[in-house]
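Each chain, written out:
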Amino acid sequence: MSDIWQQLAELRAKTSETPILSLFDDTKRFAQFSAEDGDLLLDFSKTSLDSTALNLLVQLAESVDLNGKVAAMFRGDPINTTEGRAVLHTALRARSDAPILVDGEDVLPGIRTIRNQMEQFAEAVRSGEIKTADGGRFTDVINIGIGGSDLGPAMATLALAPYHDGPRCHFVSNVDGAHIHDTLANLDPQRTLVIIASKTFTTIETMTNAETALVWLRAALGDKAADHLAAVSTAQDKTAALGIAPERVFGFENWVGGRYSLWGPVGLPILLAIGTGNFNEFLRGADAMDSHFQNAPLNENLPVLLGLVGIWHNNICEYGSRAVLPYDQHLSRLPAYLQQLDMESNGKQVAQDGSALPRASGPIVWGEPGTNGQHAFYQLIHQGTAVVPTEFLIAAEAHEPDLQHHHNLLKANCLAQSEALMRGRSKSEASEVAAARGFDGAERTRMAAHLSFPGNRPSVTIAYSKLTPFVLGQIIALYEHRVFTEGAIWGLNSFDQWGVELGKELAVALLPLVEGASTDDKDGSTSGLLSKLSQNSANQT
Ligand code: F6P
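One structure accompanies this document, and this report is about it. (Residues numbered from 1 in each chain as written. Predicted model: local features only at pLDDT ≥ 70, side-chain atom pairs only at ≥ 80, totals over all residues. Heavy atoms only, no water.)

## With respect to the sheet that holds strand 11 (residues 364–366)
Step number 1: Pairing within the open sheet is mixed, and its 6 strands lie in the order 1-2-13-12-10-11. The outermost strands of the open sheet, each flanked by one partner alone, are strand 1 (34–37) and strand 11. Looking at each pair of strands side by side, their axes are set apart by 15° on average, direction ignored.
Step number 2: Across 3 bridges, the pairing between strand 2 (residues 40–43) and strand 13 (residues 459–464) is antiparallel. Considered in strand 13, the bridge of Asp 43 is made with Thr 461. (Pairing = 2+ DSSP bridges. Helix = DSSP H or I, 4+ residues; strand = E, 2+ residues; numbered from the N terminus. Axes fitted to C-alpha atoms, helices over the stretch in contact; angles between N-to-C directions.)

## Quick look at the environment of Lys 199
Step number 1: Along the chain, the position of Lys 199 falls in the loop between strand 7 (192–197) and helix 8 (204–221).
Step number 2: For Lys 199, a relative accessible area of 15% corresponds to the buried category.
Step number 3: Sequence separation between Lys 199 and Lys 28 is 171 residues, and the spatial gap between their C-alpha atoms is 48 Å.
Step number 4: Look past the residues within four positions of Lys 199 in its chain and what remains in contact with it is Arg 85, Ser 149, Val 232, Ser 233, Thr 234, Ala 235, Phe 252, Asn 254, Val 256, Gly 257 and Gly 258. (Buried < 20%, exposed > 50% of the residue type's maximum accessible area, 1.4 Å probe, protein only. Contact = heavy atoms within 4.5 Å.)

## Considering the site of the ligand
Step number 1: Around the ligand lies a shell of 14 residues, among which Gly 148, Ser 149, Ser 198, Thr 200 and Thr 203 are the nearest.
Step number 2: Gly 148 places a main-chain nitrogen or oxygen 2.7 Å from an oxygen atom of the ligand.
Step number 3: Here Lys 504 contributes a side-chain N or O atom positioned 3.0 Å from an oxygen atom of the ligand.
Step number 4: In the complex, 87% of the free accessible area of the ligand, which totals 390 Å², lies under the protein chains. (Near = heavy atom within 4 Å. Polar contact = N/O pair within 3.5 Å; in protein donor to acceptor, adjacent residues only side chain to side chain. Areas by Shrake-Rupley, 256 points an atom, 1.4 Å probe, with all protein chains shown as cover.)

## Comments concerning the packing of helix 12 (residues 334–346) against helix 17 (residues 469–490)
Step number 1: Relative orientation of the contacting elements helix 12 and helix 17 amounts to 25°, with a least axis distance of 10 Å. Between helix 12 and helix 17, the angle is such that the two are roughly parallel. The way helix 12 lies across helix 17 gives a crossing that is right-handed. Facing helix 12, whose interface residues are Leu 334, Tyr 337, Leu 338, Leu 341, Asp 342, Ser 345 and Asn 346, helix 17 presents Ile 476, Tyr 479, Glu 480, Val 483, Glu 486, Gly 487 and Trp 490.
Step number 2: The class makeup of the residues in the contact of helix 12 with helix 17 is 8 nonpolar, 3 polar and 3 charged. (Parallel < 35°, antiparallel > 145°, perpendicular 65-115°, else oblique. Left-handed = near helix turned anticlockwise from the far one by under 90°. Nonpolar A, V, L, I, M, F, W, Y, C, P; charged D, E, K, R; others polar.)

Everything listed here is a matter of geometry and, on its own, says nothing about what the molecule does.
The structure is reproduced here in structure tokens:
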């Protein structure tokens, strides 16, 4: 395997001067460096990969037995080795009845029972059969959760806005009181259902926001507040302690990681917003991608190819970040969602066996929807000193048929950006532009330097017919399996998140100090900031 890494590095050194644009002298390049699954197209032809590099990357995947690892995940093996757990978010959307065994027991019947319970609850809320305390209809839902209990449903609910025909959904995650305050300020407790979503039911942000929401409900509804509550959690003893009726608690097992949980009960807000038929389409899209990931040959397999492009850019070209740029306003929360999915999964420094990783693992993932980003940070992507591989997402068809001109402009901008990144503007072209703008002599030369773009900047484009529930399911599963592919090649555990622990512990220890207790146990910066922050609150009171 180290031999393959070596060969890839040598190849990169040999080919790095070849402009990506010149690779299109081969008229078959687009066909050879793109792949399709159903309605989804992955174009990775605007990268510096050539067929030798791609073959080596496929060999790399083979050398870690990627297919074997994929099979182990779908089978329910305990591949999350630091927590001793299976990883079975895929079972939440499995359509086949073939048993999936955890500790000798098939998990599918339990998943389907809970799904039925969720569907019945959601449809009864949507139809008005489940009533508010005063016998009315729920018009609004607040989902209180954070991380995986927020980002997935918030992202998908927004993505599927054209399919909404249920109550309006709001999401409160931050412990900053402003978040819940500003959300509650615009809502009527008599009409609002509150879902408390927390896998563990111990997360301080969620528990604090839940308490505040409960006080708000109780003030309006008295002892009928529980009629306006539901919970999503693996910790059913803790939900009972909050007085939430067992039939309104939707449980899931510890083999579903938080950031992979939107396919099950954590997806309740999505189900409430779009209804059972559309939610099932969403699951069907993900299941279709699961089949593709398990069965397509590695060199035609979309998640594998997306992962290999990621490895090429991160480890071989040494580009330390990647930008996700959806040219789809409904996907505006996708970058935030992918930050957790990708960075919480693959932001690791040791291999499964605890040894230090020999090379970079997860890159920094960031982004914003296009075209907004064009008027903000694209300057750096085009002319900055760091090369940022970009990932564009764009639909052939929008949901606003009366605004076709908008969508044409969106498509033109998306294609223009990936072309401009690749093509750039040479010094001589820039000199002509400078001359046309009236510069001559030394000024023309100086301006040409500012007006030229290096080009040769890689991008991939994910194009799809229309952002339907099915296609959204495909896209999210594509990214989940890309994370899996990259994690498998790096040899790390993509399914734990120990790095978030220490900050949580220190916050608990700091709370009494923030509230006025004194200590000489802190570093100078923390003590200085504590003193400044307590002065500010003293000034306000
Ligand atoms: O702090 C990280 C984390 O554990 C995430 O992995 C998880 O999605 C989030 O917190 C919320 O956890 P819970 O659903 O248990 O409240």
